[in-house]
Amino acid sequence: MAEDVITTTGIARHGATRLPSVDVDSFNIELKDEEGFIGDRASKGAFRRIFERWRKPLRRSGEDPFGDKASEEISKKALDEILVGDDTEASAVVHSAIEEFAQELAYVTRRFLKTKAWAKTECIVVGGGFRASRLGELAIARCEIILKDEGFEVDLEPIRYHPDDAGLIGALHLAPSWIFEAHDSILAVDIGGTNIRCGVVETGAKKAPDLSKAAVWKSDLWRHADDEPTREGAVKRLVKMLKGLIEKAQAEGLKLAPFIGIACPGVIDADGSIEKGAQNLPGNWESSKFNLPTSLIEAIPTIGDHDTAVLMHNDGVVQGLSEVPFMQGVERWGVLTIGTGLGNARFTNRHRENGKKDKADDKSEDKKAAKKKSKD
């Protein structure tokens, strides 16, 4: 089965450690301490628990500025507004929660930096839904200061694209560059425990060959957690979303590549199966009898005049890949995605800013040159 899937994709192995622009040194590391998985200390849920704890003293005295509203029901936007509002007590509660969360994020980041896979990391990009807020940006900045004060020479930066877009745009960097020579867009899928998002991503390669001008042209969102579908129902809905986007792209005159890049939680095996980490998805996605890439190829065998290729990787990896064009000034970098859990991945650039390539690339270029010379 594994060989069939790899042959069908015609591009690379799913969950590959070697991608066109980077080597994936690690992803989805599950570090533990005496309290359990350390990623749980720096998730969206962790921030809400910390925020709730800072409200308790005021609630006991009857002076909670947030009233009776549950902590998890107060939106990030509302908390952002409180940060700059006139209610100093409410602002102080939010700032206190940010500071404590930043300390937790620093603890978690420190643990990653001390692993062999994350050694010599120069920059960490922080994504996920929590990043898409002012309080998230403040927590990231504070975490960087804490780490530098402790002697860690690493930069922390909020991911540049909106996290929803980053999870789709990163799929461009799963595909080999030759795919873009005759096409200007691809289909991308970002699967999460709450939502499934599909989109058409324009490469922007004519403006920027490094794909730094890539953008989501159109996307479709399904909040599957509300519908509680079966696994088969989820795949059927996903196929419908993709077919709808194909029709819209073709009607607009886009040159859609016969490629679908998928971001999915968990450890992705080479044959496209999910080894572990998909427990929040609808139904059993870790079953040996289920293979999402194969299901999509069966449902969408061609795009335009060409056979469809599907490549799937971990969602943290794919979101991080959206930063590839902006990470060329460093060699080793990572990504942390703050969401339901804490996604993580570490990369080493294969193409350096100074134009140097690794030995495998040099051999490939030598072969091309020799082939051209023989033709001449």
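Asks: Help me understand the layout of surface pockets, please; the structure alone is not making it clear to me.
Replies: It is a probe the size of a water molecule, rolled over the atoms, that shows where empty space is left. Approximately 1,400 Å³ is the volume attributed to the largest pocket. For the largest pocket, the lining is made up of 46 residues, of which Gly193, Asp315, Gly339, Thr340 and Gly341 are closest to its centre. Looking at the lining of the largest pocket, the elements that each hand over two or more residues are α6 (163-169), β6 (185-191), α10 (315-321), β15 (332-338) and β16 (342-349).

Asks: When you look at the pattern of salt bridges in this model, what are you seeing that I'm missing?
Replies: Pairs can form between side chains of opposite charge whenever their charged atoms are close. For the coordinates displayed, the defined rule picks out 21 salt bridges. For arginine 131, the salt bridge goes to glutamate 137, with nearest N and O atoms at 3.2 Å. Judged by relative accessible area, which is 13%, arginine 131 ranks as buried. For glutamate 137, a relative accessible area of 26% gives the class partly exposed. Among the salt bridges present, the one from lysine 148 reaches glutamate 144, with a minimum N-O distance of 3.6 Å. With lysine 148 and glutamate 144 both in helix α5 (residues 134-149) and 4 residues apart, this pair spans about one turn of that helix. Given a relative accessible area of 36%, lysine 148 falls into the partly exposed group. Via salt bridges that share partners, Glu52, Arg55, Arg59 and Asp64 belong to a single interconnected network.

Asks: Is there a simple way to explain the sheet that holds strand β1 (residues 22-27) in this structure?
Replies: Read from one edge to the other, the open sheet built from 5 strands follows the order β1-β16-β15-β4-β5, with strand pairing classed as mixed. Among the strands making up the open sheet, the edge pair consists of β1 and β5 (155-158). Pairs of neighbouring strands in the sheet enclose a mean axial angle of 25°, with direction left out of account. Where β1 and β16 come together, 5 bridges link them in antiparallel fashion. When the sheet's bridge partners are listed, valine 22 is paired in β16 with asparagine 349. Lying on the sheet, α5 is in contact with β4 (123-127) and β5; it crosses β5 at an angle near 175°.

Asks: Which parts of the structure should I look at to understand the environment of isoleucine 338?
Replies: Inspection of the secondary structure assignment puts isoleucine 338 in strand β15. For the pair isoleucine 338 and threonine 230, spaced 108 residues apart in sequence, the C-alpha separation works out to 27 Å. Every residue in contact with isoleucine 338, bar those within four places of it in the chain, is listed here: Ala42, Ser43, Lys44, Phe101, Leu105, Val126, Gly127, Gly128, Gly129 and Phe130.

Asks: I keep staring at the nonpolar core and nothing clicks. Help me out?
Replies: Across soluble globular proteins, nonpolar side chains show a tendency to be buried alongside one another. Counting residues in hydrophobic clusters, the biggest one holds 40 residues, and the most contacted among them are Phe47, Phe51, Phe66, Leu79, Phe101, Ile124 and Leu156. Secondary-structure elements contributing two or more residues to this core are α2 (44-60), α3 (76-83), α4 (88-113), β4, α5 and β15. The biggest single contributor to this core is α4, with 12 residues. In contact with phenylalanine 47, not counting residues within four places along its chain, are Leu79, Ala97, Ile98, Phe101, Phe130 and Leu135. Within the second largest apolar cluster, 38 residues are counted, among which are Leu168, Val201, Leu211 and Ala257.

Calculation rules
Residues numbered from 1 in each chain as written. Predicted model: local features only at pLDDT ≥ 70, side-chain atom pairs only at ≥ 80, totals over all residues. Heavy atoms only, no water. 1 Å grid on protein atoms, 1.4 Å probe; cavity = no way out; pocket = protein on both sides within 12 Å on 5 of 7 lines; lining within 4 Å. Points joined across faces, edges and corners; volume = space filled by probe spheres on them. Helix = DSSP H or I, 4+ residues; strand = E, 2+ residues; numbered from the N terminus. Salt bridge = Lys/Arg side-chain N within 4 Å of Asp/Glu carboxyl O. Buried < 20%, exposed > 50% of the residue type's maximum accessible area, 1.4 Å probe, protein only. Pairing = 2+ DSSP bridges. Axes fitted to C-alpha atoms, helices over the stretch in contact; angles between N-to-C directions. Contact = heavy atoms within 4.5 Å. Core = buried A, V, L, I, M, F, W, Y, C linked by side-chain atoms within 4.5 Å.

Any link to function would need more than the numbers given here.
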